[in-house]
Amino acid sequence: MKEITSAVSLLLLIQGVGGLINRLTGGGPSWFLVNYIEALQGYEIIASIVLVILGAIIGLGSLKIKGKDD
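A quick note: this is a predicted structure, and the numbers were derived from the prediction, not measured.

The rules behind these values
Residues numbered from 1 in each chain as written. Predicted model: local features only at pLDDT ≥ 70, side-chain atom pairs only at ≥ 80, totals over all residues. Heavy atoms only, no water. Axes fitted to C-alpha atoms, helices over the stretch in contact; angles between N-to-C directions. Helix = DSSP H or I, 4+ residues; strand = E, 2+ residues; numbered from the N terminus. Parallel < 35°, antiparallel > 145°, perpendicular 65-115°, else oblique. Left-handed = near helix turned anticlockwise from the far one by under 90°. Nonpolar A, V, L, I, M, F, W, Y, C, P; charged D, E, K, R; others polar. UniProt positions renumbered as here; feature names shortened; annotations may be inferred. Expected span 1.5 Å × (residues − 1). Buried < 20%, exposed > 50% of the residue type's maximum accessible area, 1.4 Å probe, protein only. Contact = heavy atoms within 4.5 Å.

The next subject is the packing of helix H1 (residues 2-24) against helix H2 (residues 44-64). Running from N to C, H1 and H2 cross one another at 155°; their axes reach a closest spacing of 7 Å. Regarding the angle of H1 to H2, the classification is roughly antiparallel. Here the hand of the crossing between H1 and H2 comes out left-handed. A class-by-class count of the residues in the contact of H1 with H2 yields 14 nonpolar, 10 polar and three charged.

Those residues carrying the UniProt feature "transmembrane region" (unreviewed entry) are residues 43-63 in this numbering. A distance of 31 Å separates the end C-alpha atoms of residues 43-63, which is 95% helix and 0% strand.

Taking 1.5 Å as the rise per residue, H1 with 23 residues should run 33 Å; its terminal C-alpha atoms sit 33 Å apart, in good agreement. Along H1, the residues classified as buried are Lys2, Thr5, Ser9, Leu12, Gln15, Gly16, Gly18, Gly19 and Asn22. Packing partners of the buried residues in H1 comprise H2. Gly26, located one to two residues past H1, shows a positive phi value of around 130°.

This is how it looks when you write it as structure tokens:
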């Protein structure tokens, strides 16, 4: 379970930070998820910040989960 939450956290952080950088530097074509969700068009920066925050929260939560290595 710890590995899954860590992976989800990393994925959200990458999508959020990458999407934020992409938007702030011109918003060209990219593989960041926020750019392809029609409902978020016009709110890409806010959505990217939310993804970073969610990734950080899940990452901190995964530190508290006891895994096989603990």
